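What the coordinates show
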Amino acid sequence: MNTPTPAPDMGKGAAAARPYGSELDLRKLRVLMELDRRGTVSAVAAALHLTPSAVSQQLAALAKELGVPLTEPVGRRLRLTGAAKTAIRSAEEIFTCIDRLYRSLAEYGDGERGEVSVSGFGTTLAPLILPAAGIVKRRRPGLRTTLAEVDPPASFEMLEQGRTDVVIAVESPSVPAFDTRFDKHPLMTEVFDVALPAEHPLSQAPALTLADLAADAWIFATVGMCQEIPLAACAAAGFVPQATHVIGEWDATLAAVREGLGICLVPRLARRSSRPGVVIRRIDDAPCRRVFAAVRSGSGGVPQIEAVLDALREAAQTVESELNDAAPQRNQGTGPTVSD
């Protein structure tokens, strides 16, 4: 026997008078949805392992919470009101959103959703960071990467402050000494080649060392590692280079080389393609720099960050192989590596 649920005593506008932010018991909404699906209180009670009395009480309490009658007696059965049908449609949307919430959280826990920010210096963006972001997008469409061009030490300040999650850097004096704040993940070793004007007397020499170029005019980067590493390499070769120009952009630097204004050491990530009037040569004692990713200590195990690190390692392996295969003539040997 189905016990009718008495309609609550509600005046006009009772639902509108419901206090903003008051709680709604979602379990009672489930009972209402089951009544719509199964038709009788006894069937709902059996499905939810409740007594018919408990089902009736929950329906009455929900009607009071919503401020509208939800059922009306028809003989010995109950019929849902129009307000109940409206509530059920909204409840279906609510539970769909809740299901989506739990799915999203599960995917987040697996590293399939979320956001990871990556900051790197200029020459790493096109050949390394962007391909890694593409790998992440193809394999984990719900995981978003945000990218920024930032040089050390500013990028490490951002990392420490939580304004970025991954920093791409190289070992050089401008990179802070590593401590317990950061974890380092090696990516690749990048060699420097020398850029000479096409008419340079040594442009076709069978072999070159830095000392062979000691008398030349040199072009250096304005600041940072692309200034520090060539200076240290020249010092290791036994001379102080004559710095005639200081330029902060690689296209302009190589244009200056083409015009015969000087020579420069070029990291392979910065050397996109051949340029008319410029000869890129290997040198026997070429310096190189170790490119790495840095994350906050312990965060490398976060699934989202781990996925980005994996993509960076894959992209780095590809670009290092391509750069070495496309390297200019002369032997594969490299000279000193500048480090902390």
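What comes next is a walk through the structure. (Residues numbered from 1 in each chain as written. Predicted model: local features only at pLDDT ≥ 70, side-chain atom pairs only at ≥ 80, totals over all residues. Heavy atoms only, no water.)

Considering the pairing of strand E3 (residues 114–120)
Remember that side chains alternate between the two faces of the sheet whenever the strand is regular. E3 sits mainly inside the fold: five of its seven residues count as buried. Inspection of the sheet shows E3 paired to strand E4 (residues 143–149) by seven bridges, in the parallel sense. Looking at E4, one finds that serine 119 is bridged to alanine 148. Traced from E3 through helix H5 (residues 122–139) to E4, the parallel crossover comes out right-handed. Pairing analysis gives three bridges linking E3 to strand E5 (residues 166–170), with the strands arranged parallel. Considered in E5, the bridge of valine 118 is made with valine 166. (Buried < 20%, exposed > 50% of the residue type's maximum accessible area, 1.4 Å probe, protein only. Helix = DSSP H or I, 4+ residues; strand = E, 2+ residues; numbered from the N terminus. Pairing = 2+ DSSP bridges. Right-handed = clockwise from strand over helix to strand, strands pointing away.)

A closer look at unusual backbone geometry
When glycine is set aside, most residues are seen to have a negative phi, and most peptide bonds are trans. Here the amide bond leading from proline 152 into proline 153 is cis, since omega sits at 0°, within 30 degrees of zero. Relative to the helices and strands, proline 153 is located in the loop between E4 and helix H6 (154–161). The backbone of histidine 49 shows a phi angle near 60°, a positive value even though the residue is not glycine. Mapping histidine 49 onto the fold places it in the loop between helix H2 (41–48) and helix H3 (52–66). Judged by its relative accessible area of 75%, histidine 49 is exposed.

A few points about the layout of surface pockets
Gaps left between atoms are located by rolling a probe of water-molecule size over the structure's atoms. The space that makes up the largest pocket amounts to roughly 520 Å³. What lines the largest pocket is a set of 25 residues, and nearest its centre among them are Gly122, Thr123, Asp151, Gly248 and Trp250. For the lining of the largest pocket, the leading source of residues is helix H8 (residues 250–258), giving three residues. For the lining of the largest pocket, a count of residues per class yields eleven nonpolar, seven polar and seven charged. (1 Å grid on protein atoms, 1.4 Å probe; cavity = no way out; pocket = protein on both sides within 12 Å on 5 of 7 lines; lining within 4 Å. Points joined across faces, edges and corners; volume = space filled by probe spheres on them. Nonpolar A, V, L, I, M, F, W, Y, C, P; charged D, E, K, R; others polar.)

Some words on the packing of helix H1 (residues 26–38) against H2
As a packed pair, H1 and H2 sit with axes 9 Å apart at the nearest point and diverge in direction by 120°. Taken together, the axes of H1 and H2 are oblique relative to one another. Where H1 crosses over H2, the two elements pack in a sense that is right-handed. Across the interface between the two elements, Val31, Glu34, Leu35 and Arg38 from H1 touch Val41, Ala43, Val44, Ala47 and Leu48 from H2. Grouping the constituent residues of the contact of H1 with H2 by class yields seven nonpolar, no polar and two charged. (Axes fitted to C-alpha atoms, helices over the stretch in contact; angles between N-to-C directions. Parallel < 35°, antiparallel > 145°, perpendicular 65-115°, else oblique. Left-handed = near helix turned anticlockwise from the far one by under 90°. Contact = heavy atoms within 4.5 Å.)

Describing the side chain of serine 155
Tracing the sequence through the fold places serine 155 in helix H6. On the basis of relative accessible area, serine 155 is assigned to the buried category, the value being 0%. Each residue touching serine 155, except ones within four places of it in the same chain, is listed here: Ser119, Val150, Thr164 and Val167.

Here we look at the pattern of salt bridges
Using the criterion set out here, one finds 18 salt bridges in the structure. A salt bridge links arginine 289 to glutamate 190, with the nearest nitrogen and oxygen atoms 2.6 Å apart. You can see arginine 289 sitting in strand E11 (residues 288–296) and its partner glutamate 190 sitting in strand E6 (residues 182–197), a full 99 residues away along the chain. Comparing arginine 289 with glutamate 190, the two get one shared label, buried. Residues aspartate 193 and arginine 268 are paired through a salt bridge, measuring 2.8 Å at the closest nitrogen-oxygen approach. Within this pair, whereas aspartate 193 is found in strand E6, its partner arginine 268 is found in the loop between strand E9 (264–267) and strand E10 (278–281), the two being separated by 75 residues in sequence. Like arginine 268, aspartate 193 is buried. (Salt bridge = Lys/Arg side-chain N within 4 Å of Asp/Glu carboxyl O.)

Some details on the packing of aromatic side chains
Pairs of aromatic rings are described using the distance from one ring centre to the other and the angle between the two planes. Tallied over the full model, the rule gives three aromatic pairs. Look at phenylalanine 156 and phenylalanine 182: their rings are 5.5 Å apart centre to centre, the planes differ by 70°, and that puts the pair in the edge-to-face class. Here phenylalanine 156 is found in helix H6, whereas its partner phenylalanine 182 is found in strand E6, with 26 residues between them in sequence. The pair phenylalanine 156 / phenylalanine 182 is uniform in exposure class, with both members buried. On the numbers, 6.1 Å between centres and 20° between planes, the contact of tryptophan 218 with phenylalanine 220 is stacked. Owing to a relative accessible area of 5%, phenylalanine 220 belongs among the buried residues under this scheme. One aromatic cluster in this structure is built from Trp218, Phe220 and Phe239. Here the basic side chain of arginine 30 rests over the ring of phenylalanine 95, its NZ or CZ set 3.6 Å away from the ring centre. (Phe/Tyr/Trp six-rings, centres within 6.5 Å; stacked < 30°, edge-to-face > 60°. Lys NZ or Arg CZ within 6 Å of the ring centre and 35° of its normal.)

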